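# Architecture at a glance
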Amino acid sequence: MPHVATSPTDLLATLSGVAHLDGERLVIDDEAAFRDTGIRDLAWTAAFSDDDATTAAAQWLVWEASQELGARSASIQALYEARARGEISGFTVPALNLRAQVFDMARTVYEAAAAADVAAVILELARSEQTYTFQRPIDYATSVLAGAIAAGWHGPVFIQGDHYQFNAKKYAADPEAMTEEIRRACRLAIDAGYRNIDIDSSTLVDLSKPNPDEEQRENYLRAAELTALIRSLESDGVTISVGGEIGEVGTQNSTVEELRAYLDGYRRELEARAPGAKGISKVSVQTGTSHGGIPLPDGGMAEVKLDFEVLRELGEVAREYGLAGAVQHGASTLPDELFHRFPAVETAEIHLATGFQNTVYEHPAFPASLHREIEAWVAANCADERKPGQTDQQFVYSTRKKALGPFKRQLWELESKDEILAAQRRKISYLFTELRVNDSRAMVEKYVEPVELHRPIPDALRGVVATR
């Protein structure tokens, strides 16, 4: 079982012989041991320590290790610019939302990526997922980077803030307060090392307005404002990849007229706010999917009528505006036989979340006793979310994600974890193949050069070093 350090002194003692501090720099003494037990102890301490100073020390050590070992957080911006110019095509970048077992899931992703020479892969967490998975941006970034180190990864690590979304009701009541929530979320993400952020102000689209420009106005105004903010926060020479969205997932399909209205308005507003600033690199559209899929009373999933022609057409328009193309959300529960069609219509990026969560919960090796605990927790804590007419099975399916935070440690430490992760790896490898990102490392390395960035040592660690 990994060791959860109780103090910064204990943490450094745990790394004795594996790594040490030389002034304010981390020195790796035994890379193999560090990538094995050392990084695992750091990841567990960062995730589960009850002491803030120890947590901060572990987070800093993981970040510094990622810089020393070449698994650095990076922006996918330059790759997407190359796609917009037509220099590369024929693939779809998978963006995987890791909600549970994040350290081991990240390790699994990068092991699978290394085996297939994949570098075009994003690991992301939505703003809503932060809350119920008990993962702030710094927590998520730390787990992802630690997992990459454990996998022996050397290359860019694309960490993305997904769905930094406006709540329409809260916005209607107080636009400034709601916008400030998203501003703060962007600041926290950038401070944590995220270099990719998707702004979702599509919830502000008002289809009752007389024309597409009026319908999209609040959407593109806020997207431009937040892009300008993000550009002002870039301090390491890296252009953060920013995504926009024109149609909330689960609503009516997007149109060319809506996309042009959004992009034209966005361009005007961004230029007015930050002349010459780079805009969004991609745009999410609605094509007929819904987040998490739609469970049926018999336990099956509703068939999705996904319109690939919408993806193709809107992607072409997006590239006219200098974007990589269109982004598909809500796809992880689609039938496997559909995934090869996304690169065929030049979908730039695809977001995959609930399917990986389902693999954890529904794997035969998942303990039945823990299932019962989680179902009891959901019944006690999520009853107000139950919709009229839902069966017990539908209710549990739609709310069990809320248990991921309260049961975080149990899920990280499952005795049957390896069996479940093996299934996850098979699916990840399948997706890499179907989305045509196998052998993408050379392409990514041609355009993306991660920047080395060291952070100031935390006071708690500086004090330990000073007393030695």
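Residues numbered from 1 in each chain as written. Predicted model: local features only at pLDDT ≥ 70, side-chain atom pairs only at ≥ 80, totals over all residues. Heavy atoms only, no water.

## A word on the side chain of Q357
By the secondary structure assignment, Q357 is in helix α14 (residues 354-362). With a relative accessible area of 6%, Q357 lands in the buried category. Within the local environment of Q357, its side chain forms a polar contact with the side chain of R99, the two groups lying 2.7 Å apart. When neighbours within four sequence positions are excluded, Q357 is seen to be in contact with R99, R400, K401 and L404. (Helix = DSSP H or I, 4+ residues; strand = E, 2+ residues; numbered from the N terminus. Buried < 20%, exposed > 50% of the residue type's maximum accessible area, 1.4 Å probe, protein only. Polar contact = N/O pair within 3.5 Å; in protein donor to acceptor, adjacent residues only side chain to side chain. Contact = heavy atoms within 4.5 Å.)

## Points about α14
In terms of burial, α14 is a largely internal element, seven of the nine residues being buried. Of all the residues in α14, the buried ones are T354, G355, F356, Q357, N358, V360 and Y361.

## Some words on the nonpolar core
Ranked by size, the top nonpolar core spans 135 residues in total, and within it F34 and L61 carry the most contacts. Element by element, the count of residues in this core is highest for helix α7 (residues 137-150), at nine residues. Contact partners of L61, with chain neighbours within four places excluded, come to L11, L12, L15, L21, L26, L42 and L461. By size, the runner-up hydrophobic cluster in this structure holds 17 residues, among which are A100, V378, C382 and I420. (Core = buried A, V, L, I, M, F, W, Y, C linked by side-chain atoms within 4.5 Å.)

## Concerning the sheet that holds strand β6 (residues 196-200)
Read around the closed barrel, the eight strands follow the order β3-β4-β5-β6-β7-β8-β9-β10; overall the barrel is parallel. Across the sheet, the mean angle from the axis of one strand to that of its neighbour is 30 degrees, orientation sign disregarded. In this sheet, strand β8 (residues 282-285) lies alongside strand β7 (residues 241-245) in parallel orientation, the contact comprising three bridges. Across the sheet, E245 pairs through a bridge with S284, a residue of β8. (Pairing = 2+ DSSP bridges. Axes fitted to C-alpha atoms, helices over the stretch in contact; angles between N-to-C directions.)

## Concerning the pairing of strand β4 (residues 122-126)
Here is the key point about a regular strand: its side chains alternate between the two faces of the sheet. Among the five residues of β4, five are classified as buried, and the element is accordingly described as predominantly covered. Residue alternation in β4 divides its side chains into two sets, I122, E124 and A126 and L123 and L125, and both sets are buried. Sheet analysis places strand β3 (residues 93-97) next to β4, joined by three bridges and oriented parallel. Residue pairing for β4: L96 is matched across the bridge by L123. Crossover handedness for the path β3 to helix α5 (residues 102-115) to β4: right-handed. (Right-handed = clockwise from strand over helix to strand, strands pointing away.)

## What about the packing of aromatic side chains?
Applying the stated rule across the entire model yields 10 aromatic pairs. Arranged with centres 4.9 Å apart and planes meeting at 75 degrees, the rings of W44 and W412 form a pair that is edge-to-face. Of this pair, W44 sits in helix α2 (residues 31-48) while W412 sits in helix α17 (residues 408-412); the two residues are 368 residues apart in sequence, bridging distant segments of the chain. Residues F48 and W412 carry aromatic rings whose centres are separated by 5.1 Å and whose planes lie at 85 degrees to one another, so their mutual orientation is edge-to-face. Taken as a pair, F48 in helix α2 and W412 in helix α17 lie far apart in primary sequence, 364 residues in all. The class of F48 is buried, set by a relative accessible area of 13%. The buried category is assigned to W412, whose relative accessible area is 2%. (Phe/Tyr/Trp six-rings, centres within 6.5 Å; stacked < 30°, edge-to-face > 60°.)

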